[in-house]
Every structure is written in structure tokens, then in C-alpha cells.
Amino acid sequence: MDIDLLAVEEAAKALYIRALKVLPPDIKDGFSRLQQHESGATAQSVLGTMVRNIAVAEQTDNLLCQDTGIPIYNVTIGRGVAVDGHALMQALRRGCARATREYPLRSSVVHPLTRINEHTSCGIGVPVIHIDFDDTPDTLAIEMIPKGSGSENGSFLKMAIPAEGIAAIKTFVVDCVLAAGGKTCPPTIVGVGLGGTSDLVVALAKRAATRPLGSVCADPEGAALERQLSEAVNQLGVGPQGLGGDSTAFAVHIELAATHITMNPIAVNMQCHSARRARATFTPAGVAYGF
Amino acid sequence: MAHHVLEMPVTEAQVRALRINDTVTLQRTLYGIRDATQIHMFDRDRRTRLDLHGHAVIHTAPNVRKVPASAEHPAGYAPVCIGTTTSDRMERFTRPLMEREGVRLIIGKGGLRDGSSEAFAALGGAYLAIVGGTAALETTWIEQIEDVDLDDLNPESLWRFRIRDFGPLLVAMDSHGGSLYRTVQADTAARRAQVLASLGVQA
């Protein structure tokens, strides 16, 4: 299958705008579950406002949140797909810039030293583009994630040691949720990366934070720890917006990798309640949009 | 838990009447301010021609569309999506914002710290919590972008919005030392050991 790069550019533009407007159904379901179990009056009111906002965004065809985030494109290339990788990355970048200028979206991206905003949502190394491969025939999938800064500032790395064991992991996750308080716009998805190297463990935490609700860590030990931690963090009382309550997190997600005999790396990355993502899937039948 | 409708600007007495857990709806005028705005105003001593005395500021950097200036869009901007951002990053600007510019109310999400509580108590101010991530809804409370200053910092300019029925907002920090965030933080800290024990960890 050959990939039309103009279609990729259009998809990169459409995905950014779509992600900012429509929350995936798993996140909407997550709100319903929290509303059923929340015992705090203020917390219920805050959750109610969040759910109302989702409806208003759809009714008024507006963005859910003012934060257009740091744009991230995750590309997965299946088997039998012919595409010029460099040109693909350029097409994604052009689509991202066009979404920003043509919609127009607030460009939230600046140079880290000069703080100059090019008003394209692009800059050095941004949009973040990850390219991976799988064995699905004749398929190229692009997932777009506008990653909000309030939750992204709730990112933590600890290079724990083996003697600290799993207790270090549990303690670190609990303390990160406490340190984040209301700043990460809870209820959050708490993404936890375990193992690997310092860079890999942070990437795993981001993948965990942006996984659909209801998905489970592929590793059974990781899956068991996800369940324990999901229950535990909602006993902390942080609540929606840090104003107290039971609904601190939709879930704790874990992604893990093998690590060194001397290492026990832990990373936490949070996703806010506006857990936005959109997906375009290219097949010989055309382009299909989803989540 | 009273509800207050405030026609902006307000007096010190009106702000001192607010207590945590009260709710507030603002009318008429609201200013938008952000990290870069305050870094330039207070660290680089840039001055604004806009008069913030007695007013409310919201921690924001809006999505806007540039349009020809008109009666409907006097600043040459149409609102697209306007919400709020995490306030904590701007903690150290609360006091200068009140002392130099005369601001009375700060609106944001996630709360401010003890330094801001002290400034609210000393000078007569309060923090109103708005629900973060609900900008589509909040945009419906904004009628117009009336004015803009320091626009070289766009989108982190100093914005003046005309508002109608902006709220309800929750009084989360008042001028009497009350802070819902401090209360929640004390509660969560007290729960930490028990939560860790439930995970088989001795704190």
C-alpha cells in the first residue's frame, strides 16, 4: 500500500482539531463511573461541570479546553506499507502548523530559552513524532495527542535501587499523586513507567498515561499492580481539582520494560481529565477517523 | 455558604465578605493574565495602560481569532476558546498584582499557596476556583474581548473581557486565612500512611 502524503498532512491537521473537541468514549464512561461512586458534594459538582463541558464543546463545536497542549503524533506502520519516512514527518509537521494557523488554535509552543512563539504549534523537536511498526497488513495509523501542560508538569522520575523493591514504586506513585494535588487537573490517568533506562521509563509513563481507560498492562504482574494502585490513590482524598473527594484518578496505568540488575527506575506522567486523543487509520479502503 | 453576584470592579469590603465555600458569579469585566504577562510586568517592570484596581484576573491564555477591529470586536480579536490554567506557577505574583495593580480577585485552578493567603488577608483579596478543563462552557460566559495590552506576548497578553454571568465560581481562599487547598492537603497527608499500609508498605 502506498501512502499519499497530502492525505497525511490533511489528517495531521484534522486530528489535532478533532482531538481538541471530542473526548473518546472510554473517558466519558470513566466520568460516569466516578459520578456513581463519588461521595463528596463539591466533588460531585465539579464532576458535573466537567461532564456538562463535554456536551457544550460538542454542541458549540468548540475546543474542550483552552490548552492546545504540546502536539504528539504516534505513527504505527504495518506490513506492506510503502512510505518515505522523512517526507511523512514533514507532512505531519505541516498539518500541525496548518491546524494552528487555519483554525486558528492557540500555539502553546515556545523556544525554551527565548520563549519565542512561532504561532504554528511547531518548534525544535515539536510536534513530538514517534514512529513504530507492527504486523497489521496494509495499515498506517496516526494517533494524535494534544498533551496539556498542567498534567505534563506533573512528571516525575526516580532512579530507585533494587533494595528499595516494589515498596519504592508504590510509595513514589502515592507521593507523586499527593505532590500533584489539584495542579494536574484531576481526576487524572496516572501513568507509571517501570524499568528500562531513564529515557525509556519516562516514555513508558507517557504511553501509560495516554492509554484508553479499560486497557490493561500486557504484563500480568504490572496489571495486578495497576489494580492495587488504582484503588489506593482514590483513598487519598485529593479529589477533582484538588478540592477533596474520592475521584482523584480514573485509573493508574503501568507500562514496563526489562531493566538492569542494579536498577529500579520509576517514572510518573499524568494525563488530565480532558484526556484527549484522536486516531486516523489509513488502509486501501481510505482514511477512517476514531480514537 | 452564600452566593454573591459581583458587578466588577469591587471594594475591599465586598471581597472581605467572601468566605470559603461561598460561590460567586461575576458580571461586566474580567482581565486575563498569565505567566509571561506577570514575568514582564513584575520582573521586567513593564507597565500596562489598563486599570486593574478592584478587578478580577483569571489565569488564562485564550484561543482567539484575529479580525478587523469593529464595534463587535474593538480589540481586533474574536474569542474562540477561553479557559483557565494552573495557578500555582504564578504564586509569587499574587502580592505584587494586588499591591501595585490593585487586583482584588484571582481566578484559576489548583489553588495558590500560603504566600497568597497572607496577601489576601493583608490586602483584602480572594481566590475563586473555576473548574479547569471546562473552557467550552466558560467561553459561553464571555461576550467580547474589549481590550488587549502587552500583546507582543500573545497569547499571554493582558486581556480585558466583557463577561455575563461568569460562574458560579467557588471561593477557595478567602481574606480570613481560609483555604480549601490547605484543608485538603492536611487531610491527604494524614491519609498517606494508611494508604501505603493498604499497599503493604510501612511508611
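Residues numbered from 1 in each chain as written. Chains lettered and ligands numbered in written order. Predicted model: local features only at pLDDT ≥ 70, side-chain atom pairs only at ≥ 80, totals over all residues.

**As for the overall build of chain B**
Consideration 1: From N to C terminus, chain B includes six helices and nine strands.
Consideration 2: By the compact-globule yardstick of 17 Å for 203 residues, chain B fits well, its C-alpha radius of gyration being 18 Å.
Consideration 3: Counting only C-alpha atoms and orienting by the principal axes, one finds that chain B spans roughly 65 × 35 × 35 Å.
Consideration 4: Counting over 203 residues, chain B shows a buried share of 50%.
Consideration 5: Counting only contacts in chain B whose residues sit at least 6 apart along the sequence, the fraction spanning at least 24 positions is 65%. (Helix = DSSP H or I, 4+ residues; strand = E, 2+ residues; numbered from the N terminus. Rg over C-alpha atoms; globule rule 2.2 N^0.38 Å. Buried ≥ 20, exposed ≤ 12 C-beta atoms within 10 Å, placed from the backbone. Contact = placed C-beta atoms within 7 Å.)

**Things to note about the overall build of chain A**
Consideration 1: Helix and strand counts for chain A stand at eight helices and nine strands.
Consideration 2: The globule rule puts the C-alpha radius of gyration for 291 residues at 19 Å, and the 19 Å found for chain A is close to it.
Consideration 3: In terms of overall dimensions, chain A has C-alpha extents of about 50 × 50 × 45 Å along its principal axes.
Consideration 4: Here chain A holds 291 residues, and 50% of them are scored as buried.
Consideration 5: Looking at chain A alone, contacts between residues at least 24 apart form 79% of all its contacts between residues at least 6 apart.

**Considerations on the domain arrangement of chain A**
All names here are of chain A.
Consideration 1: Looking at the assigned domains, one finds that chain A contains domain 1 (5-20 + 64-148 + 275-290) and domain 2 (149-271).
Consideration 2: In this structure, domain 1 and domain 2 have C-alpha centres spaced 26 Å apart.
Consideration 3: If you look at the interface, domain 1 gives nine residues, while domain 2 gives seven residues.
Consideration 4: Class assignment of the residues belonging to the side of domain 1 that touches domain 2 gives a composition of three nonpolar, three polar and three charged. (Domains from an automatic or database assignment. Nonpolar A, V, L, I, M, F, W, Y, C, P; charged D, E, K, R; others polar.)

**Some words on the sheet that holds strand 4 (residues 155-160) of chain A**
Backbone hydrogen bonds are what pair the strands of a sheet, in a parallel or an antiparallel way.
All names here are of chain A.
Consideration 1: Pairing in this open sheet of four strands is mixed, and the strands run 4-7-5-6 from one edge to the other. Strand pairing shows two members of the sheet lacking a second neighbour, strand 4 and strand 6 (249-256), which therefore form its edges. The mean angle between the axes of side-by-side strands here comes to 15 degrees, regardless of whether they run parallel or antiparallel.
Consideration 2: Bridge analysis of strand 5 (residues 188-194) against strand 6 gives seven bridges, and the strand direction is parallel. Following the sheet pairing, threonine 188 is matched in strand 6 by alanine 249. (Pairing = 2+ DSSP bridges. Axes fitted to C-alpha atoms, helices over the stretch in contact; angles between N-to-C directions.)

**A word on helix 2 (residues 35-43) of chain B**
Residues and elements named next belong to chain B.
Consideration 1: Listed as buried for helix 2 are Thr37, Gln38 and Met41. All buried residues of helix 2 project into a common sector of 85 degrees when viewed along the axis, lining one side.
Consideration 2: Taken together, the buried residues of helix 2 touch strand 2 (23-33), helix 3 (94-101) and strand 9 (158-173).
Consideration 3: Positive backbone phi, at 55 degrees, marks aspartate 45, one or two positions downstream of helix 2. (Arc of directions from axis to C-beta.)

**Points about the sheet that holds strand 1 (residues 70-79) of chain A**
All names here are of chain A.
Consideration 1: Spatially, 2-1-3-8-9 is the arrangement adopted by the five strands of the open sheet, whose pairing is mixed. This sheet does not close on itself; its edge strands, each paired only once, are strand 2 (128-137) and strand 9 (286-290). Looking at each pair of strands side by side, their axes are set apart by 20 degrees on average, direction ignored.
Consideration 2: Of the strand pairs in this sheet, strand 1 and strand 2 are connected by seven bridges, and their pairing is parallel. When the sheet's bridge partners are listed, arginine 79 is paired in strand 2 with proline 137.
Consideration 3: Relative to strand 3 (residues 140-147), helix 1 (residues 5-21) is tilted by about 40 degrees, and along the sheet it contacts strand 1, strand 3, strand 8 (278-283) and strand 9.

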